[in-house]
Amino acid sequence: MLTFLGYTLIFLALLVSAYLVFRPEASAEPFVSTTSMVAQSAPFLLLISAFLIEATTLDLVSRYVGEGLPLLYRISAVWGSRSGPLLMWASIMGIITWVMSRDDRVDTTTIRVMHSWTALLLLISAALRPFSPAYPGSVGEISPLLQTDLMVIHPPVVFVYYSLCLATASIALSGLIRSSPSEETHASMVRWARYSFLAGTVGIGLGGLWAYTVLDWGGYWAWDPVETGSLLPWLALLAILHARARSHASRPFSYTPALGLLCGALVMHATLVTRANGVWASVHAFVGDGENELPRDPYVRVVEIIDFSAVGLEVLIYLLSVVGLLCLSVVHVLREQRTEVAERGAQSLLESNRPLAVSLLAYFAAVGLWIGSSAIMFFGLAILLLLVLGDRDDPPVHWVAMGVLLMLFSSWGWVSEWYQSLAGIAPFLLVWILPEDEKDDISWITGAMFDPKQRASRVRSFPWHLSMAFLMLTWVLLTVEIEGTNIAAHEYYGAPLISLLAIGLALYAWGDGISGRVGAMALLATAALSVLLAAYSGNFDLPGNQDQPITDSISRGDLSMFVLTWIAFAIPPTLLKLWRSSRENLPELLRGGMGPNAARVRALGTHMAHAGILLLLVGHVLTTTLVDRTDPSHFVTLERDVPTEHQGIELVFTGVEIVSSDDDGYGYGIGDGYVGVVIEARDGGEMMGTITPGMLRFDSPSGAVSARSEVDRLSGMTGDTIIILDLLQSNELLSSMILGQTDQVSEVRVTVHHLPGSHLVWAGWLLVVLGIALASITRSASDFSEDE
């Protein structure tokens with residue numbers, strides 16, 4: 001019965017979605033729009049209801065809901081299947097489309113595109129057969145990592161983020177289809193970009209909190225492919241929201257619709273990374289079907305796992321969506337650039353010297369084949385095409401810079417050798433130096449340095465440029481992290497960009513209140529100090545592994561001191577700006593914040609987010625950049641009742657705890673037993689607290705036994721001390737638990753991480769979330785703000 005009802009609901013949802021794709025104007029009628037939302041949500045509601053009532057007549061329920069699974073974790077069990085998250089995504093898309101259909105500012109073409117996305121998700125879900133009847137003998141088994149409270153709420157928030165990103169992309173696509181002016185398209189989509197940005201900040205932060213509290217590696221961010229994939233659309237949104245700050249650009253919004261399309265492409269790319277497991281290995285991927293014995297290029301791997309199965313269809317649709325949206329973003333930029341060239345009465349290089357332009361494109365294609373990266377070839381050709389179709393006499397410097405950075409990042413990320421990178425840089429520089437006219441003077445640089453008003457104006461564009469550079473760097477590194485993540489590479493190559501961000505925030509906080517001479521002297525002094533402190537970082541007592549090399553010549557301490565100097569440079573003016581803004585605007589905020597001074601309240605949110613990101617970055621450097629979690633210094637052997645000092649804290653292993661799920665004192669609603677160790681933490685003989693790291697045992701109906709580490713921490717004023725049971729130790733304790741020999745355990749091996757500054761990560765994240773929420777207040781008349 002449930003099988004028939006489920007597929008009937010999917011068929012009806014597909015039918016309604018297809019109807020509204022062809023008749024989007026019908027969504028203007030409240031009855032039709034509400035009916036479509038209900039129809040698109042009904043399959044997911046039925047599936048999640050089946051999980052809640054343990055309807056084991058369905059295959060998914062019988063395979064993912066074990067006996068006695070708590071009610072909340074029956075919800076998170078839905079995420080363990082391939083089709084469950086997609087039905088949820090379609091439901092969220094239906095709700096957002098319903099909201100958009102009731103907004104007079106959203107055109108019918110956007111509604112048509114949104115229903116098309118929903119229909120695609122429903123089609124993939126149907127192909128995956130979510131309502132198939134259970135097979136005889138099928139037994140339930142859910143991943144232990146999904147049996148956490150955060151896993152109940154984190155995936156839905158992430159899919160809200162993805163859905164809002166697709167809403168932003170749909171508005172951009174609608175503008176492209178209707179040939180709307182970029183300014184008009186930007187005005188329509190910026191509000192949805194703000195909502196996406198807020199949801200993404202919450203969702204990514206919740207994912208970090210889940211990793212910090214559940215995973216057994218003692219950190220919140222590891223540049224895991226799924227984490228990195230979800231960060232990329234966030235960076236694109238950051239650029240969209242700071243487009244107005246490009247005050248030096250004649251048309252500051254000309255490229256933001258392309259970024260909206262890019263945002264949608266990156267969402268589908270993030271989904272591809274998560275669901276094409278076997279291409280990118282990730283602790284966040286619970287739906288893998290791929291094999292690891294595949295080519296070095298991840299996108300070639302993706303193509304090779306596509307077949308005629310339902311999973312193959314799913315991966316194919318994601319890949320085509322990524323490529324299609326990327327191509328459309330290039331089309332939009334080409335259209336805008338052609339208009340700009342025509343308005344100047346100029347010619348492009350392709351028009352004036354077609355053989356040379358074609359030769360350059362063919363040359364770079366050959367370099368791309370030589371490098372062996374489909375991604376570098378695609379993006380390099382796209383950037384070079386935009387360059388040769390730009391003004392011949394005044395080549396767009398931003399495309400030259402982007403092409404050069406792409407090739408530099410490809411070398412840094414080991415995608416290409418240094419000589420291949422130089423060969424790839426050549427055509428971009430050639431187009432730039434070809435014009436015979438003198439290049440534009442660089443007086444704007446000295447003006448930005450010594451003229452306070454120019455400096456205040458120019459610095460507003462920092463987030464735009466830095467988000468694009470960081471997005472490109474992160475994406476390039478992601479393309480080579482198919483066998484494992486290189487955390488050190490992300491930290492090392494991202495450090496200059498983080499430092500530039502800190503400089504930008506400091507200069508923004510200065511405004512025009514600091515004279516040009518004083519500002520230039522402060523920057524030069526801080527630059528000298530950052531290098532000096534980095535060179536003598538060994539003289540400072542830093543947490544973590546400060547002496548460990550991150551490159552052949554630079555240690556983690558060197559890199560951290562360099563970055564921390566610039567962050568410290570930015571914090572005082574940023575906090576002062578926040579204080580002044582709070583004093584001026586908090587009364588307005590307490591009165592509702594939506595009056596004539598709502599823009600000032602949104603400015604308060606902006607300053608709050610700036611302060612939050614700086615606090616978060618300090619915590620990140622102290623807990624991630626400085627810490628190598630694989631270093632043996634974190635692995636400690638504790639003998640029973642023998643004090644062992646580790647980084648200033650005395651640890652004493654006092655005993656073993658065993659609790660069966662049948663015992664009255666069993667405090668877990670999941671698992672079949674718990675075994676842990678009791679460790680006392682002392683400072684100079686004074687008791688600080690008791691830490692009890694352990695593990696939960698899960699007995700599978702198939703007879704297999706698995707475990708999930710239960711991390712414990714001791715929180716202090718400055719940060720956390722985290723203790724994790726060693727994997728081998730966990731297995732030994734599991735064996736001792738089964739054999740009843742835990743009294744004979746005389747020593748344990750644990751992993752210890754002292755993380756001063758960890759509280760700053762979460763305080764900064766909360767401040768950023770609150771700031772973005774304030775800055776996202778709906779505007780009654782305009783979606784532009786001078787403080788974006």
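Throughout, residues of each chain are indexed from 1 in the direction in which the sequence is written. At least 70 in pLDDT is required for a residue's local features to be given in this predicted model, at least 80 for side-chain atom pairs to be given and counted, and no such filter applies to totals for whole chains, interfaces and linings, which use all residues. The side-chain values count all of the structure's non-hydrogen atoms but skip hydrogen atoms and water molecules.

A. The arrangement of the side chain of aspartate 631 in detail. In DSSP terms, a helix is any run of H or I states spanning at least four residues, a strand is any run of E spanning at least two, and both are numbered starting from the N terminus. Here aspartate 631 lies in the loop between α24 (598-625) and β1 (635-639). Remark: exposure states derive from per-residue accessible area (1.4 Å probe, protein chains only) relative to the maximum for the residue type, with buried under 20%, exposed over 50%, and partly exposed in between. By the counting rule applied here, Lys and Arg register as positive and Asp and Glu as negative, while His and the ends of each chain are not counted. The term salt bridge refers to a pairing of a side-chain nitrogen on Lys or Arg with a carboxyl oxygen on Asp or Glu at a separation within 4 Å. One buried charged side chain, aspartate 631, makes no salt bridge at all; its nearest oppositely charged neighbour is arginine 556, positioned 7.6 Å away. Here glutamine 548 takes part through its side chain, which lies 3.1 Å from a polar atom of the side chain of aspartate 631. By definition in these notes, contact holds between two residues if any of their heavy atoms fall within 4.5 Å. For aspartate 631, the residues in contact, after removing those within four places along its chain, are Asn545 and Gln548. Whenever two N or O atoms come within 3.5 Å, that pair is a polar contact, provided that in protein one can donate a hydrogen and the other can accept it, and provided that, for residues adjacent in sequence, both atoms are side-chain atoms.

B. Expanded view of the nonpolar core. Ranked by size, the top nonpolar core spans 207 residues in total, and within it Phe51, Trp89, Met100 and Ile567 carry the most contacts. For this core, the element with the most residues is helix α7 (residues 150-177), which contributes 15 residues. If we skip the residues at most four places from it in the chain, methionine 100 touches Val106, Thr110, Ile111, Met114, Ala167, Ile171 and Trp192. The set of buried Ala, Val, Leu, Ile, Met, Phe, Trp, Tyr and Cys residues whose side-chain atoms join them within 4.5 Å is what this entry labels a nonpolar core. Counting 19 residues, the second largest nonpolar core, distinct from the first, contains Val636, Ile723, Leu725 and Leu733.

C. Layout of the pattern of salt bridges. Taken as a whole, this structure holds 14 salt bridges when the rule is applied. Between arginine 82 and glutamate 314 there is a salt bridge, and its shortest N-O distance comes to 2.8 Å. Note that arginine 82 is positioned in the loop between α4 (71-77) and α5 (83-101) and glutamate 314 in helix α12 (residues 310-344), a separation of 232 residues in sequence. This pair shows no difference in class: arginine 82 is buried, exactly as glutamate 314 is. Note that arginine 191 is salt-bridged to aspartate 103, the shortest N-O span being 2.3 Å. Placement of arginine 191 in helix α8 (residues 182-214) and of aspartate 103 in the loop between α5 and α6 (108-127) is noted, with a sequence separation of 88 residues between them. Via salt bridges that share partners, Arg82, Arg275 and Glu314 belong to a single interconnected network.

D. Broad picture of the packing of aromatic side chains. Any Phe, Tyr or Trp ring, taking Trp's six-membered ring, that has another such ring centre within 6.5 Å forms a pair; planes under 30 degrees apart are called stacked, those over 60 apart edge-to-face, and the others tilted. A full pass over the atoms with the stated rule returns 26 aromatic pairs. Centroid distance tryptophan 221 to tryptophan 223: 5.6 Å. Interplanar angle 85 degrees. Geometry classified as edge-to-face. Aromatic pair phenylalanine 409 and tryptophan 412: ring centres 5.3 Å apart, planes at 50 degrees, arrangement tilted. Of the two residues, phenylalanine 409 and tryptophan 412 both sit in helix α16 (residues 397-412), 3 residues apart, roughly one turn of that helix. Accessibility expressed as a relative area gives 4% for phenylalanine 409, which makes it buried. Comment: the charge-over-ring label is applied if NZ (Lys) or CZ (Arg) is within 6 Å of the ring centre and within 35 degrees of the ring normal. The positively charged end of lysine 577 is found above the aromatic ring belonging to tyrosine 508, 5.8 Å away from the centroid. Directly above the ring of tyrosine 212 sits arginine 713, whose terminal nitrogen or CZ lies 4.8 Å from the centroid.

E. View of helix α15 (residues 374-388). An expected span of 1.5 Å times one less than the residue number is assigned to each helix. Between its first and last C-alpha, α15 extends 21 Å over 15 residues, near the 21 Å set by a 1.5 Å rise per residue. Listed in full, the buried residues belonging to α15 are Ala375, Ile376, Met377, Gly380, Ala382, Ile383, Leu384, Leu386, Leu387 and Val388.

F. How the structure looks around helix α9 (residues 225-241). In this model α9 runs 25 Å from its N-terminal to its C-terminal C-alpha over 17 residues, within 8% of the 24 Å that 1.5 Å per residue would give. Of all the 17 residues making up α9, 17 are buried; the element is thus mostly covered by neighbouring parts of the structure. You can read the cap of α9 off the contacts: a side-chain oxygen lies 3.0 Å from the backbone nitrogen of valine 226, and it is on aspartate 224.

G. Broad picture of the sheet that holds β1. Each pair of strands is called paired provided DSSP finds at least two bridges between the two strands. Strand order in this open sheet of 4 strands is β1-β10-β9-β8, and the pairing throughout is antiparallel. The open sheet has two edge strands, β1 and β8 (712-715), and neither has a second partner. Neighbour-to-neighbour, the strand axes of this sheet turn through a mean angle of 30 degrees, independent of strand direction. Note that strand β9 (residues 719-725) and strand β10 (residues 747-756) share 7 bridges and pair antiparallel. Paired with isoleucine 723 across the strands is valine 752, a residue of β10. In this fold helix α26 (residues 758-775) packs onto β8, β9 and β10, with an angle of close to 110 degrees to the strand it touches most, β9. With axes taken as lines fitted to C-alpha atoms, and helix axes fitted only over the stretch in contact, angles between N-to-C directions fall between 0 and 180 degrees.

H. Up close: the packing of helix α11 (residues 298-305) against α12. At a minimum axis distance of 9 Å, the contact between α11 and α12 shows a crossing angle of 140 degrees. With respect to α12, the axis of α11 lies oblique. For the pair α11 and α12, the crossing hand works out as left-handed. Each of Val302, Val303 and Ile305 in α11 lies in contact with α12, whose residues at this interface are Gly312, Val315 and Leu319. In this scheme, roughly parallel covers angles under 35 degrees and roughly antiparallel covers those over 145, while 65 to 115 is roughly perpendicular and the rest are oblique. If you view the pair so one helix is near and one far, a crossing is left-handed when the near helix is turned anticlockwise from the far one by less than a right angle, and right-handed when it is turned clockwise.

I. Broad picture of unusual backbone geometry. Phi at tryptophan 223 takes a positive value of approximately 55 degrees, unusual for a residue other than glycine. As for its position among the elements, tryptophan 223 is in the loop between α8 and α9. Taking relative accessible area as the criterion, tryptophan 223 reaches 6% and is therefore assigned buried. You will see that tryptophan 414, though not glycine, has its phi angle at about 65 degrees, which is positive.

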